[in-house]
Amino acid sequence: MTTLSPEILAELEKQAIELPSWAFGNSGTRFRVFGTPGTPRDPYEKIADAAQVHVHTALAPTVALHIPWDLVDSFDDLRRHAEDLGVALGTVNSNTFQDEDYKFGALAHEDDRIRQKAIDHHLACIDVMHATGSRDLKIWLAEGSNYPGQNDMRSRQDRLQDSLQQIYAHLGDTQRLVLEYKFFEPSFYHTDVPDWGTSYAQVAALGERAMVCLDTGHHAPGTNIEFIVMQLLRLGKLGSFDFNSRFYADDDLIVGAADPFQLFRILAEVIRGGGLNNPDVAFMLDQCHNIESKIPGQIRSVLNVQEMTARALLIDREALATAQRANDVLAANAVLMDAFYTDVRPALAAWRSERGLPADPMAAFLSSGYLEKISAERVGGAQAGWGA
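Conventions we followed
Residues numbered from 1 in each chain as written. Predicted model: local features only at pLDDT ≥ 70, side-chain atom pairs only at ≥ 80, totals over all residues. Heavy atoms only, no water. Pairing = 2+ DSSP bridges. Helix = DSSP H or I, 4+ residues; strand = E, 2+ residues; numbered from the N terminus. Contact = heavy atoms within 4.5 Å. Axes fitted to C-alpha atoms, helices over the stretch in contact; angles between N-to-C directions. Buried < 20%, exposed > 50% of the residue type's maximum accessible area, 1.4 Å probe, protein only. Right-handed = clockwise from strand over helix to strand, strands pointing away. Parallel < 35°, antiparallel > 145°, perpendicular 65-115°, else oblique. Left-handed = near helix turned anticlockwise from the far one by under 90°. Nonpolar A, V, L, I, M, F, W, Y, C, P; charged D, E, K, R; others polar. Phe/Tyr/Trp six-rings, centres within 6.5 Å; stacked < 30°, edge-to-face > 60°. Lys NZ or Arg CZ within 6 Å of the ring centre and 35° of its normal. Polar contact = N/O pair within 3.5 Å; in protein donor to acceptor, adjacent residues only side chain to side chain. Expected span 1.5 Å × (residues − 1). Core = buried A, V, L, I, M, F, W, Y, C linked by side-chain atoms within 4.5 Å.

Novice: Would you mind showing me how to read the sheet that holds strand 6 (residues 176-180) here?
Specialist: Note: strands within a sheet are paired through backbone hydrogen bonds, in either parallel or antiparallel orientation. Read across the open sheet, the eight strands follow the order 1-2-3-4-6-8-9-10; overall the sheet is parallel. Only two strands of the sheet have a single neighbouring strand rather than two, namely strand 1 (19-20) and strand 10 (282-285). Relative to strand 6, strand 4 (residues 136-139) is paired through four bridges, and the arrangement is parallel. Following the sheet pairing, Leu137 is matched in strand 6 by Leu177. Contacts from helix 4 (residues 112-132) reach strand 2 (62-66), strand 3 (88-93), strand 4 and strand 6 within the one sheet, and its direction differs from that of strand 4 by about 150°. Here helix 7 (residues 225-235) sits on the sheet and contacts strand 8 (210-215) and strand 9 (238-243); the angle it forms with strand 8, its principal contact strand, is near 165°.

Novice: Would you explain the pairing of strand 2 in this entry?
Specialist: Successive side chains on a regular strand alternate, one facing one side of the sheet and the next facing the other. For strand 2, a buried count of four out of five residues is recorded, marking the element as mostly surrounded by other parts of the structure. Sheet topology places strand 1 next to strand 2; two bridges connect them, and they run parallel. Looking at the pairing, Pro20 lines up with Ala64 of strand 2. Running through helix 2 (residues 43-57), the crossover from strand 1 to the neighbouring parallel element strand 2 is right-handed. As paired elements, strand 2 and strand 3 share four bridges and run parallel to each other. Looking at the pairing, His66 lines up with Asn93 of strand 3. Handedness of the β-α-β unit built from strand 2, helix 3 (residues 75-84) and strand 3 comes out right-handed.

Novice: I keep staring at the packing of helix 3 against helix 4 and nothing clicks. Help me out?
Specialist: Angle between the axes and distance between the axes: these two values describe a pair of packed helices. It is at 8 Å that the axes of helix 3 and helix 4 come closest, and there the two elements cross at 45°. Classified by the angle between their axes, helix 3 and helix 4 sit oblique to one another. Between helix 3 and helix 4 lies a crossing whose hand is right-handed. Between helix 3 and helix 4, the contacting residues are Phe75, Asp76 and Arg79 on the first element and Val128, Ala131 and Thr132 on the second. Taken together, the residues that form the contact of helix 3 with helix 4 break down as three nonpolar, one polar and two charged.

Novice: So what exactly am I meant to see when it comes to the packing of aromatic side chains here?
Specialist: The way to describe two aromatic rings as a pair is by their centre distance and the angle between their planes. A complete count under the given rule lists 13 aromatic pairs for this structure. Judged by centre distance (6.5 Å) and plane angle (65°), the ring pair of Trp22 and Trp69 falls under edge-to-face. Within this pair, whereas Trp22 is found in the loop between strand 1 and helix 2, its partner Trp69 is found in the loop between strand 2 and helix 3, the two being separated by 47 residues in sequence. Judged on exposure class, the residue Trp22 and its partner Trp69 are both buried. Aromatic side chains Trp69 and Phe97 sit 6.3 Å apart centroid to centroid with 80° between the ring planes, which places their arrangement in the edge-to-face category. Taken together, the residues span a long stretch of sequence, with Trp69 in the loop between strand 2 and helix 3 and Phe97 in the loop between strand 3 and helix 4 at a distance of 28 residues. The same class applies to Trp69 and to Phe97, which are both buried. Joined through ring pairs, the aromatic side chains of Trp22, Trp69, Phe97 and Trp140 make up one cluster. Over the face of the ring belonging to Phe261 we find Arg265, whose NZ or CZ atom lies 4.7 Å from the ring centre. Its guanidinium or amino end placed over the ring of Phe340, Arg311 lies 5.3 Å from that ring's centre, counting from NZ or CZ.

Novice: Sorry, what's going on with the pairing of strand 3 here?
Specialist: Among the six residues of strand 3, five are classified as buried, and the element is accordingly described as predominantly covered. The sheet contact formed by strand 3 and strand 4 spans two bridges and is parallel. Across the sheet, the residue bridging to Asn93 is Lys138, located in strand 4. The handedness of the strand 3 to strand 4 crossover, carried by helix 4, is right-handed.

Novice: Would you mind showing me how to read the side chain of Ser301 here?
Specialist: Here Ser301 lies in helix 9 (residues 294-313). Of the polar contacts made by the side chain of Ser301, one reaches the side chain of Gln287; its length is 2.8 Å. Not counting the four nearest positions on each side in its chain, Ser301 is found in contact with Ile254, Val255, Leu285, Gln287 and His289.

Novice: Sorry if this is basic, but what is going on with helix 9 here?
Specialist: Compared with an ideal rise of 1.5 Å per residue, which puts 20 residues at 28 Å, helix 9 spans 29 Å between its outermost C-alpha atoms and is within 8% of the ideal. Most of helix 9 sits out of view: 19 of its 20 residues are buried.

Novice: Sorry, what's going on with helix 4 here?
Specialist: For an α-helix, 3.6 residues make a turn, and residues three or four places apart therefore share a direction. Across its 21 residues, helix 4 extends 30 Å between first and last C-alpha, which sits within 8% of the 30 Å expected from 1.5 Å per residue. Regarding helix 4, the residues found buried are Ile114, Arg115, Ala118, Ile119, His121, His122, Leu123, Cys125, Ile126, Val128, Met129 and Thr132. The inward-facing, buried residues of helix 4 contact strand 2, helix 3, strand 3, strand 4, helix 5 (153-168) and strand 6. N-capping of helix 4 is provided by Asp111, with a side-chain oxygen placed 2.8 Å from the backbone N of Arg113.

Novice: Can you walk me through the nonpolar core in this structure?
Specialist: When a protein is soluble and globular, its nonpolar side chains tend to lie buried together. Grouped together as the largest cluster of nonpolar side chains are 98 residues, with contacts concentrated most on Phe241 and Phe283. The dominant element in this core, judged by the number of residues it contributes, is helix 9, at nine residues. Among residues more than four places away in sequence, those in contact with Phe283 are Gln15, Ala16, Ile17, Glu18, Phe241, Phe243, Leu267, Val270, Gly275, Leu276 and Val305. Judged by nonpolar contacts, the second largest core, of eight residues, contains Ala64, Phe97, Trp140 and Met284.

Novice: When you look at the side chain of Ser134 in this model, what are you seeing that I'm missing?
Specialist: Relative to the helices and strands, Ser134 resides in the loop between helix 4 and strand 4. On the basis of relative accessible area, Ser134 is assigned to the buried category, the value being 5%. One polar contact links the side chain of Ser134 to the main-chain carbonyl oxygen of Gly90, over a distance of 2.5 Å. With sequence-adjacent residues up to four places away left out, Ser134 is seen in contact with Leu89, Gly90, Val92, Met129 and Gln175.

Taken by themselves, the reported measurements are silent on function.
Shown next as structure tokens:
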């Protein structure tokens with residue numbers, strides 16, 4: 001069995017991966033949303049489900065909220081509820097893509113009334129952050145155009161920057177704005193924030209507390225994502241990850257399911273660039289479990305990230321640097337591949353047991369009776385996921 005050094009285990013023990021509240025609600029595609037027994041009926045039940053992931057893995061101490069999906073009468077009360085369950089409330093995500101007014105845009109809209117409405121929504125999200133103690137306001141914009149000539153792209157960029165400036169000015173001293181990019185969908189000709197360069201240009205103009213969010217599923221096929229990770233870390237502007245997996249477009253599948261080697265390469269660059277367990281670089285899942293069970297899907301996801309982090313920590317950096325300096329192509333590649341092919345699962349299972357955690361978190365959860373309990377207690381749950 002592979003041995004993980006005390007130094008590697010110390011890094012793994014500090015790892016934290018934020019869970020998205022919406023992963024626990026029903027979700028689907030434009031064709032159908034399938035229901036799941038035990039689906040949460042409100043944000044309180046979503047927090048309870050997320051807490052189960054942390055109980056069994058010790059990897060998920062925070063839960064991200066999505067507004068308005070997670071609106072409650074008292075966020076102070078929701079915060080206390082989370083704390084009672086051993087987790088905290090994390091990133092607040094805005095939503096400007098499910099309102100009729102936003103058909104042709106929100107923060108970049110030509111109509112000042114609609115643009116102000118979108119700005120005000122983000123200011124309301126900041127109010128939520130004050131109540132929850134959240135640091136990050138994450139913004140993903142479903143804005144752009146479908147046809148050449150439909151909009152003036154430069155004017156949209158100018159309006160977007162003005163809107164972001166107004167939002168940024170309202171942040172608290174310790175709060176951040178994190179701008180996520182996506183290369184297409186729902187707009188098909190142009191998207192207002194389609195790539196890391198556009199996101200970087202927009203946040204760099206705002207200030208030090210504006211960062212880029214990298215969603216691993218928001219790139220064109222064949223994109224070298226680890227290069228983007230390297231560059232954003234080099235520039236000091238990588239604020240957060242949204243981890244998921246894709247085969248074709250923004251599939252939002254379990255992270256590492258489609259290409260475990262890509263996840264390994266990304267984490268290798270995170271480690272190389274000082275991003276691992278760096279408080280300025282948040283790890284989060286952004287997934288929709290359309291056909292699989294929600295809580296087991298999240299457990300599998302955080303374990304996948306942990307496993308590939310462990311493998312990436314096994315890279316012999318000295319041997320790699322020596323081979324790179326010598327331009328020894330095959331030796332350098334072999335160093336990376338040796339670490340990737342190392343099976344760390346038995347060592348991780350033994351380490352979990354030593355810490356009083358289940359060696360097999362998935363099996364432990366499935367035998368806990370929690371799924372059967374919520375399936376019997378919750379009727380009519382469809383809370384706060386895509387298509388809700």
